[in-house]
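Analysis of the macromolecular model
Residue-level listing of the chains:
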Amino acid sequence: MHRLIRTLLLSLALAGLVGALGATGAIAKSPTGIVVSAVVDVTRDTTSQNESPLAVNPTNAMNMITGNNDWNYNDGCGMNVTFDGGKTWTPSLPNGYLPGITKFTNDPDVAGTGAYDAGGDPVIAFGPDGTAYFVCQAFNFTPPYAIAMLVNRSADGGRTWLTTGLTQVSAWNGNGKSRGGNGQFPDHESIHVDMSPTSPFYGSVYVTWAQFDGLKGTHSPVYVAVSRDGARTFSTPAKVNVGSIRNNQDQRIVTAPDGAAYLTFDNGIQGGKGTALYATSSLDGGLTWGAPYQFGLFNDPVCLFPPSCFNITGGAFRAGGSYPAPAYDATRGRLYVAYADNVNGRARIYLTWASASDLTKWSAPAEVAPGSGDRFAGELDVAPNGRIDLSFYDRSYSGNALVDVTYATSADGGATWRTARVTPAGFDPSTWGVPSSSALGYRPFIGDYNAIVSTNTNARLVWTGFAPPQPFNLEIDYATVTP
């Protein structure tokens, strides 16, 4: 798009004149009494985005920030912001890309302020004072293949960000081999901020990731780095797992009101993909961690990573499968984990939990609101009042053919559930994707994760959806759901 037109559209958006163009459908009440807002197209462009986190400002619940892998021009960390509770979204300034990461922006006429060839795997969190933290991986495509994990900050709800001087969590050189070489590659990082005023670590910023280090016998240990000064500096990364626990992935952290931190991840058991579930805890604000405890085994982990694996029916596409999603329930003192598993020929969502005082005793996994189609890529949160909220991709509305989004909620600790369809229409992800040099001309890839954030009154959801033109226009979609 011509630079002048881009500038005009951005100006209109920031003035609040464009946002409603992305809304589809209308506010609707499900048969279970759940009210689903109109779905809003957050990104509203003609080239794909995927993998969206979501953060809600604790000082202004109407202010939220999303992120994405933005494929408009090469690949960088894109973002959008709302100040009206998700009704309208605009690109963060200067042009919707996280500054300080890439050499380019999503406008070929505007140079970036970073030093890297690409960025991705965005994650976002707010601190107690309303400061926003955005973590993005940065990569170079030429030797020595520099890789850095960088944190940017915003003091105005995501309108503007630092253009230089980002905080480096850690950095490596390498070619990204997962084993048998000297490559280095951090993957699927996540961020969490301790938001409890009763915690001795109130405001601490946790960043965790799997480090594919290419070293024989280690493969992908989990690391955690912590900041006590608003992401201006981070501790030396702590290695969580030891011994034979390797081939790890999908690590996430949550915290309790007393400051205890809980970390979950999955483990390939000597080379498989996501065959076991582990949990560990830290009582010193993330500096040291207990020995990880294996609390579950998958029957057949949902693996949507073609050509390596694709074990549900239909055309192949890449997406999040069986990763564990944790949430802490302060009203019951429980650590919940939701995950997907293939059982009896269908991908299903399960929930299990343990008392925070004993991570060696877990409930039997229970299927969440059984459906008739494959379900995967579950996201979990617990409201301050103890209501459990889940979102997941669901093929139950189309004879197991098309992907939709379902919301599920429980007011009794997961004993019973109510559900609602969030999306007005499903799509076949194998026919949509991101730009690629493959024979198709695109790579079917709807992202490895989505997001859900719970408040006492509602849940806010983001996920990868679609909009014309096909196949290059995956979009970040948003909805508010009131149980």
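Located above this text is the structure these notes cover.
What this report covers is the structure whose coordinates are included nearby. (Residues numbered from 1 in each chain as written. Predicted model: local features only at pLDDT ≥ 70, side-chain atom pairs only at ≥ 80, totals over all residues. Heavy atoms only, no water.)

1. Points about the overall build of the protein chain
Helices and strands together make up the secondary structure of the protein chain, namely one helix and 36 strands. Burial analysis of the protein chain (483 residues in total) assigns 61% to the buried set. Of the contacts made within the protein chain by residues no fewer than 6 positions apart, 52% connect residues no fewer than 24 positions apart. (Helix = DSSP H or I, 4+ residues; strand = E, 2+ residues; numbered from the N terminus. Buried < 20%, exposed > 50% of the residue type's maximum accessible area, 1.4 Å probe, protein only. Contact = heavy atoms within 4.5 Å.)

2. Overview of the sheet that holds strand β20 (residues 276–282)
Read from one edge of the open sheet, four strands run β18-β19-β20-β21, paired in antiparallel fashion. What marks the edges here is a single partner per strand, and that holds for β18 (248–255) and β21 (293–297). Recorded for the sheet is a direction-independent mean angle of 25° between the axes of neighbouring strands. Judged from the six bridges that link them, β18 and strand β19 (residues 261–267) form a sheet pairing that is antiparallel. Within the sheet, the bridge partner assigned to arginine 252 lies in β19 and is threonine 264. (Pairing = 2+ DSSP bridges. Axes fitted to C-alpha atoms, helices over the stretch in contact; angles between N-to-C directions.)

3. A closer look at the pairing of strand β35 (residues 459–466)
Counting buried residues along β35, seven of its eight residues qualify, which places the element largely inside the surrounding structure. Pairing of strand β34 (residues 451–454) with β35 involves four bridges; the strand directions are antiparallel. Following the sheet pairing, valine 453 is matched in β35 by arginine 460. As defined by bridge partners, β35 adjoins strand β36 (residues 474–482) across eight bridges and the pair is classed as antiparallel. The partner of leucine 461 across the bridge, within β36, is alanine 479.

4. Considering the packing of aromatic side chains
The geometry of two aromatic rings is summed up by the distance between their centres and the angle between their planes. With the rule as written, the count across this model stands at 15 aromatic pairs. Measuring from ring centre to ring centre gives 5.4 Å for phenylalanine 265 and tyrosine 278, while their planes differ by 5°; the resulting arrangement is stacked. Linking phenylalanine 265 in strand β19 with tyrosine 278 in strand β20, this pair joins segments that are 13 residues apart in sequence. No difference in accessibility class separates phenylalanine 265 from tyrosine 278, as the two residues are buried. Following the ring pairs from residue to residue traces out a cluster consisting of Phe310, Phe317, Phe376 and Tyr393. Over the aromatic face of tyrosine 397 sits the side chain of arginine 421, whose NZ or CZ is 4.7 Å from the ring centroid. (Phe/Tyr/Trp six-rings, centres within 6.5 Å; stacked < 30°, edge-to-face > 60°. Lys NZ or Arg CZ within 6 Å of the ring centre and 35° of its normal.)

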